[in-house]
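# Observations on chain architecture
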Amino acid sequence: SQQGEEDPQALSIQEGENATMNCSYKTSINNLQWYRQNSGRGLVHLILIRSNEREKHSGRLRVTLDTSKKSSSLLITASRAADTASYFCATAYSGAGSYQLTFGKGTKLSVIP
Amino acid sequence: DAGVIQSPRHEVTEMGQEVTLRCKPISGHDYLFWYRQTMMRGLELLIYFNNNVPIDDSGMPEDRFSAKMPNASFSTLKIQPSEPRDSAVYFCASSGGTTIKETQYFGPGTRLLVL
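First, a word on scope: everything that follows refers to the structure included in this document. The structure presented is a predicted model; accordingly, all values stated were derived computationally and were not measured. (Residues numbered from 1 in each chain as written. Chains lettered and ligands numbered in written order. Predicted model: local features only at pLDDT ≥ 70, side-chain atom pairs only at ≥ 80, totals over all residues. Heavy atoms only, no water.)

### Comments concerning the sheet that holds strand 7 (residues 61-66) of chain A
The strands that make up a sheet pair up through hydrogen bonds in the backbone, lying either parallel or antiparallel. All names here are of chain A. The sheet built from five strands is open, its strands ordered 1-3-8-7-6 with antiparallel pairing. Two strands in the sheet have a free side with no partner beyond their single neighbour: strand 1 (5-7) and strand 6 (55-58). Sheet twist, expressed as the mean angle between neighbouring strand axes with direction ignored, is 20°. Both strand 3 (residues 19-24) and strand 8 (residues 71-76) contribute to a ladder of six bridges, which runs antiparallel. Bridge pairing links T20 to L75 in strand 8. (Pairing = 2+ DSSP bridges. Helix = DSSP H or I, 4+ residues; strand = E, 2+ residues; numbered from the N terminus. Axes fitted to C-alpha atoms, helices over the stretch in contact; angles between N-to-C directions.)

### Quick notes on the packing of aromatic side chains
Under the criterion given, the structure shown has ten aromatic pairs over all chains. Ring centres of F103 of chain A and Y35 of chain B lie 5.6 Å apart, and the angle between their planes is 85°; on these two criteria the pair is classed as edge-to-face. Note that F103 of chain A is positioned in strand 10 (residues 101-103) and Y35 of chain B in strand 4 (residues 31-38), a pairing that runs across two chains. (Phe/Tyr/Trp six-rings, centres within 6.5 Å; stacked < 30°, edge-to-face > 60°.)

### Thoughts on the interface of chain A and chain B
A common way to report how large an interface is uses the accessible area buried once the components associate. Counting from both sides, the interface comprises 19 residues of chain A and, opposite them, 22 residues of chain B. Buried area between chain A and chain B, both sides added, is near 1,700 Å², and the carbon and sulfur share of it is 54%. Summed over the shared surface of chain A and chain B, the number is one salt bridge. In this structure, E102 of chain B and R50 of chain A form a salt bridge, with 2.8 Å as the shortest nitrogen-oxygen distance. (Contact = heavy atoms within 4.5 Å. Buried area = accessible area lost by both parts, 1.4 Å probe. Salt bridge = Lys/Arg side-chain N within 4 Å of Asp/Glu carboxyl O.)

### Focus: the pairing of strand 5 (residues 42-50) of chain B
Residues and elements named next belong to chain B. Of all nine residues in strand 5, nine are buried, a share of seventy percent or more. As judged from the eight bridges shared by strand 4 and strand 5, these two strands associate in the antiparallel manner. When the sheet's bridge partners are listed, Q37 is paired in strand 5 with L43. Connecting strand 4 to the antiparallel partner strand 5 that follows it, the hairpin turn spans three residues. Note: strand 5 against strand 6 (residues 53-56), three bridges, orientation antiparallel. Along strand 6, the bridge assignment pairs F49 with P54. (Buried < 20%, exposed > 50% of the residue type's maximum accessible area, 1.4 Å probe, protein only.)

### Re the sheet that holds strand 7 (residues 65-71) of chain B
Residue and element names in this part refer to chain B. Spatially, four strands are ordered 1-3-8-7 in an open sheet, and the strand pairing comes out antiparallel. Unpaired on one side and paired on the other, strand 1 (5-7) and strand 7 mark the two borders of the sheet. Each neighbouring strand pair of the sheet contributes to a mean axis angle of 15°, computed without reference to strand direction.

### With respect to the side chain of S75 of chain B
Residues and elements named next belong to chain B. Inspection of the secondary structure puts S75 in strand 8 (residues 74-79). At a separation of 2.9 Å, a polar atom in the side chain of S75 contacts the side chain of W34. For S75, the residues in contact, after removing those within four places along its chain, are L21, R22, C23, L32, W34, F49, K68 and M69. (Polar contact = N/O pair within 3.5 Å; in protein donor to acceptor, adjacent residues only side chain to side chain.)

### Describing unusual backbone geometry
For residues besides glycine, phi is generally negative; the peptide bonds are generally trans as well. Backbone torsion omega between D7 of chain A and P8 of chain A reads 0°, so that peptide bond is classified as cis. Within the secondary structure, P8 of chain A sits in the loop between strand 1 and strand 2 (10-14). In this structure, the amide linkage connecting S7 of chain B to the following residue, P8 of chain B, adopts the cis form with an omega of -10°. Structurally, P8 of chain B can be placed in the loop between strand 1 and strand 2 (10-13). Positive phi, normally seen in glycine, also occurs at A78 of chain A, with a value near 45°. By the element assignment, A78 of chain A lies in the loop between strand 8 and strand 9 (85-93). Positive phi values are uncommon outside glycine, yet N51 of chain B reaches one of about 50°. Summarising the element assignment, N51 of chain B is placed in the loop between strand 5 and strand 6.

### Here's the deal with the state of the cysteines
Residue and element names in this part refer to chain A. Under the defined criterion, the tally for this structure stands at two disulfides over all chains. Note that C23 is cross-linked by a disulfide to C89, the S-S spacing being 2.0 Å. In this structure the cystine formed by C23 and C89 twists about its S-S bond by roughly 65°; its chirality is therefore right-handed. Taken together, the residues C23 in strand 3 and C89 in strand 9 connect sequence positions 66 residues apart. (Disulfide = S-S within 2.5 Å.)

In structure tokens:
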């Protein structure tokens, strides 16, 4: 399976702390994306990193990609209670000729006020 | 701009009944995806369309599931007959157009309960 695997499955931190989530995958990819899902809602795209990129920033988000280790990390700095959600990594295969994504099972983040 | 629209938002039905889920993608998007989310299996891709044509339906669980996209602004996912194990949240997502094609935009989902 090419499904990404997030780690940890659940994470609980205090407001203001940083949250780090990891994702591992198994085969070559075109890009890797992170999505957020609030309880009872659909997924929302956060950030995309291409296979030739190593690091990307967007606001309080920082994503790294290590293709040699087939892993990625998502860092949320200065967390807020509103960041409480599940976070999913999604991989797009190399040579797929499509825009199909495979999602991991997610990390459930709880930010305690 | 309206996002991806799904209906109904909630559906409760009895085993054996036909269930039809509906999706309206974002205008201008040429890819449409149907996913199923459960606690046990996570988010699974069921089928996706490009320019209204089904491209990959290998994720469709069995013949009880069928999906159509008669035009660029409408798609349906049908389950007939439904079974309790079909209970899940079903998401529709779209991508393409002038946006980054790899980014998918999800609807709010349809929560299906089959009794």
